[in-house]
Structures are given as structure tokens and as C-alpha cells.
Amino acid sequence: MATLKGQNIRVLLQDGNKFKVVGKSTNCTVTLTGNTEDASTKDDVALASKPEITSKSWSVQVESLDVTDTAAVLNAIKNLTPFTLIWDEVAAADNQTAQAATYSRKGQAYLNDVTFSWNDRENSTKQLQFTGNGALEKVSTAPSMQIVTVDGAYTKGQFVRLFVGNDNSAAPSKVLAACKSLSLHVSMTLEDATTKDTAGDWQVQEPTALSWDISSNALVKSGDVITSTVQGQDFASIEEVYEASAPVKIKIANVSGANNRTAGATILSGSVVVTQLTLNAPNRQNATFDTQFTGYGTYTVAA
Amino acid sequence: MAKEKEQEQEQQVATGTAAPESPVILTAKTREELDQQFQELKAKHEVHTLTAGAVARSKDDGTYILRVDII
């Protein structure tokens, strides 16, 4: 029998009374964890441990090339939107029709970690992590599916850019110049909220804290070049932001036009502090700098 | 409480402020046209919050696609 291929196992998310695959998915991982305590005692003559499973938890990661729903995902994690998801085998004919495989399971989960990457001259990606909240159940009948349109549309990373302000009052109008890579990471901390009231072994989770950060890598160029051609922020001006130790306004927006610096619809805006600035100067290679911006307060998802 | 909510929704419909079916998928042959469509949508829904995803481009026919959620 042929080995099942990864494209025939997909994560399905409930939408109304139907389920949909995560579109343009490139990978998914399902992790089932048995949380253990060592139950060996002095009564045991041998030296070996005896792990006893005391609770069970689960998580699902999905990677995709679809970033057209960035705003919806950013709102979902912030608003603690609960998800019902299934992992299942799908028919090879369309890779979207669920089969209710014997190993298929269904459960409630929180979306608790997302990363969007918009890298220059690459297809943009998103990574979603769902953490199970409560029990998994077997999927005995194939769920009703809403087929996702295959539109063959992708987002090249150079058309989404970071704009950084000089302070926390004026709207950010300057792009981070000569940027090579940009990623946005949002994490919702979950705490185990399982108590004696909880039936069964499955852990239940409670969201407790939201954090977000932006990472970038850009070439180090002469400030004069940046000023005359791009009107952007460079290593020198970002270092000034770092030295000021104060939040500045930022936005991540769609861009077009000359130098890809004309802002279109905003994806996300907020305030950040520069928490790490790294200058890289390898021999016979372009000098670059990495910046980590850490979110200060919540972010706004409004175009 | 449910009645208040119902009245609020009826009032929104009456004044034309109720959020329409969302998301809206904008498509255009050029970026300028897409941005224009987005600005028109924004002007039409001043009372709502509009959220936008990243602009994608079809590898088949070069069409630009923007998903907008109206909240």
C-alpha cells in the first residue's frame, strides 16, 4: 500500500455549519502530548522512573501561503475567538473532501500563536498554532465541507512594508528602507485552567496575556541615499529610536508605486519599542541590521 | 436584553448603518484601480471599521485581490 502523502491530511476549520480547509496550506503538524509525573517510589527497587500520564493536551500547527486574511486572523487571536477544528484525510481528487479517517479527530481550540512573514521576492507565509481546549472526539462521519476556491493568487513580500514613526504621536509615514525581510508574531499566552471540576484527562486552557513583536532585516545604506530616494528609516534613525527608549507609532501596510513605498490599505497599526538592534558586518558581504520591535499596548486592525 | 439588541439591529437597518455581508473581495487589473475601489468602499462605510488583508496577485491572469472585512 502506498504511503499517504502530506497533502492528503489537512486541518479543517468550522465556518457556520460547514468545515473549510486552510487554503494554500503547505504543512500541518498535529501534536498530542501526554503530560507525566514520575510515580516511582522507594518501594521500587530498580532505579528507573515510572512516568504516569496525569493529563493530556494537544496542539495543531498549520502553514499557508494565504495572507489575504491577515486582518481576520489578527482579530481572531486578539478577540479570543474559539475554533472548532478537525484533522482528517482528504480525497486525492480535490484534496478538500474529508473522509472521516479512523485517526481523524475533532476538538475546540484557541488560536494562540501566529506569524506572518513578508520577505522580499518571496511568497508571503502565515503560521498558525491552535492549542486544544478540552477533549478530542472521534470523527465518525465525514464533515460537511465548503470547498475553498483555488485562485492561484499569492502575495510577494515586497508589497507589504513596515512604516516607522519618529515618536508616539504622529502617524508613521516612512518605510523601513532597504528592508529584506519582515515578520509579525502575535502570541496569546494560555494557562492550564484544569481543576477538580474538570472531567477526564484533557487539559482546558485560559487565555491570560497577549504579546506581539515585529522582526526585520534590512541593508545598511548611506543615510543620504535613503533620504534622497526612499524617504525611509535607516539604521541611524532606528538607532535613535532605540536610544530614545520610548514607544513609536508603526504600521504594516500594503504598498505600491515607486520604490514600493506608497501606502495602500493598512493591515495593522500600533506602538512599539525597539528591544533589540543588531548590526551584522560579515566580510565581503552586505552589511545588514536586524531589528526587533516589541508591541507596546494592543494593536489596531483597521485599514 | 435580547429585545434591546433586536431593536438596535432594526435601528441600524433603518439608518443604513448595519454592517453588510462580509468579507468583501475586491479585484482589479491594476493596483491603482484596486486602491481606488478600496477608497470608495471606505467612503461608503464611514460608520464601520474596515480591515484589510495583504494584497495578492493571481499568477494566472495578474489580477490583484484584496480581502476587506467590514465590522
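An account of the accompanying structure is given in this report.

To continue, consider the overall build of chain B. If you tally the helices and strands in chain B, you get two helices and four strands. Along the chain direction, N to C, the helices and strands of chain B fall in the order α-β-α-β-β-β. Buried residues in chain B amount to 34% of all 71 residues. In chain B, once contacts between residues fewer than 6 apart in sequence are set aside, the share between residues at least 24 apart is 54%. Split by element, the accessible area of chain B, about 4700 Å² in all, is 49% carbon and sulfur.

So, about the overall build of chain A. Counting secondary structure elements, chain A contains three helices and 15 strands. With the principal axes as the frame, chain A shows a C-alpha extent of 70 × 55 × 40 Å. For chain A, with 303 residues in total, the buried portion stands at 42%. In chain A, of all internal contacts separated by at least 6 residues, the share reaching a separation of at least 24 is 69%. Accessible surface for chain A amounts to roughly 15200 Å². Of this, 48% is attributable to carbon and sulfur atoms. In chain A, the 24 positive side-chain charges and the 30 negative ones have mean positions that sit 8 Å from each other.

Residues and elements named next belong to chain A. Tallied over the full model, the rule gives five aromatic pairs over all chains. Here Phe83 and Phe130 contribute two aromatic rings whose centre-to-centre distance is 5.3 Å and whose plane-to-plane angle is 75°, an arrangement assigned as edge-to-face. With Phe83 in strand S5 (residues 82-89) and Phe130 in strand S7 (residues 125-138), this pair connects stretches of sequence that are 47 residues apart. Both residues of the pair, Phe83 and Phe130, count as buried. Note on Trp212 and Tyr299: the rings are 5.7 Å apart at their centroids and 85° apart in plane angle, and the pair reads as edge-to-face. With Trp212 in strand S12 (residues 205-219) and Tyr299 in strand S15 (residues 288-300), this pair connects stretches of sequence that are 87 residues apart. Owing to a relative accessible area of 2%, Trp212 belongs among the buried residues under this scheme. Overall, Tyr299 belongs to the buried group, its relative accessible area being 0%. Its end group placed over the ring of Phe163, Lys251 keeps NZ or CZ at 5.0 Å from the ring centre.

Moving on, we come to the interface of chain A and chain B. On the chain B side, the residues contacting the 24 residues of chain A number 21 residues. Each partner contributes to the roughly 1600 Å² buried at the junction of chain A and chain B, and carbon and sulfur atoms together form 57% of this total. If you look at where chain A meets chain B, you find zero salt bridges. Taken together, the connections running from chain A to chain B amount to nine residue pairs in polar contact (both at pLDDT 80 or more). At the level of elements, helix H1 (70-78), strand S8 (153-154), strand S13 (248-256) and strand S14 (262-280) of chain A are the ones that each hand at least two residues to the side of chain A that touches chain B. Split into classes, the residues belonging to the side of chain A that touches chain B amount to 13 nonpolar, nine polar and two charged.

Turning to the pattern of salt bridges, a few remarks are in order. Residue and element names in this part refer to chain A. A full pass over the atoms with the stated rule returns nine salt bridges over all chains. The residue Lys20 makes a salt bridge to Asp15 at a minimum N-O spacing of 3.1 Å. Across the pair Asp201 and Lys56 runs a salt bridge whose closest N-O atoms are separated by 3.4 Å. Here the residue Asp201 occupies a position in the loop between strand S11 (179-192) and S12, and Lys56 occupies one in strand S4 (residues 51-64), the gap between them amounting to 145 residues. Residue classification places Asp201 among the partly exposed positions, given a relative accessible area of 38%. Using a relative accessible area of 28% as the deciding quantity, one classes Lys56 as partly exposed.

Side chains of a nonpolar character, in soluble globular proteins, are inclined to be buried together. With 51 residues, the main nonpolar core has A:Leu74, A:Phe130 and A:Leu184 as its most contacted residues. Among residues more than four places away in sequence, those in contact with A:Leu74 are A:Val114, A:Phe116, A:Leu184, A:Val186, A:Ile267, A:Leu268, A:Tyr299 and A:Val301. Residues B:Leu50, B:Ala52, B:Val68 and B:Ile70 belong to the second largest nonpolar core, which totals 14 residues.

With that settled, the discussion passes to H1(A). For an α-helix, the turn length of 3.6 residues means that residues three or four places apart are oriented alike. All names here are of chain A. Within H1, seven of the nine residues are buried, leaving the element largely enclosed by the surrounding structure. Residues Thr70, Ala71, Val73, Leu74, Asn75, Ala76 and Ile77 constitute the buried set of H1. Directly after H1, the chain includes Leu80, whose backbone phi takes a positive value near 55°.

Right, let's talk about the side chain of A:Asn254 for a bit. Looking at where A:Asn254 falls in the secondary structure, it is placed in strand S13. Every residue in contact with A:Asn254, bar those within four places of it in the chain, is listed here: A:Phe159, A:Val160, A:Thr262, A:Ala263, A:Gly264, A:Ala265, A:Ile267, B:Arg31, B:Gly53, B:Ala54, B:Val55 and B:Leu66.

Residue and element names in this part refer to chain A. Inspection of the sheet shows S4 paired to S7 by six bridges, in the antiparallel sense. Bridging across to S7, Ser64 finds its partner in Lys126. Of the pairings in the sheet, the one linking strand S6 (residues 105-117) to S7 comprises eleven bridges and is antiparallel in character. From the neighbouring strand, Arg105 faces S7, where its bridge partner is Lys138.

Conventions used here
- Residues numbered from 1 in each chain as written.
- Chains lettered and ligands numbered in written order.
- Predicted model: local features only at pLDDT ≥ 70, side-chain atom pairs only at ≥ 80, totals over all residues.
- Heavy atoms only, no water.
- Helix = DSSP H or I, 4+ residues; strand = E, 2+ residues; numbered from the N terminus.
- Buried < 20%, exposed > 50% of the residue type's maximum accessible area, 1.4 Å probe, protein only.
- Contact = heavy atoms within 4.5 Å.
- Areas by Shrake-Rupley, 256 points an atom, 1.4 Å probe, with all protein chains shown as cover.
- Lys, Arg positive; Asp, Glu negative; His and termini not counted.
- Charge placed at Lys NZ, Arg CZ, Asp CG, Glu CD.
- Phe/Tyr/Trp six-rings, centres within 6.5 Å; stacked < 30°, edge-to-face > 60°.
- Lys NZ or Arg CZ within 6 Å of the ring centre and 35° of its normal.
- Buried area = accessible area lost by both parts, 1.4 Å probe.
- Salt bridge = Lys/Arg side-chain N within 4 Å of Asp/Glu carboxyl O.
- Polar contact = N/O pair within 3.5 Å; in protein donor to acceptor, adjacent residues only side chain to side chain.
- Nonpolar A, V, L, I, M, F, W, Y, C, P; charged D, E, K, R; others polar.
- Core = buried A, V, L, I, M, F, W, Y, C linked by side-chain atoms within 4.5 Å.
- Pairing = 2+ DSSP bridges.

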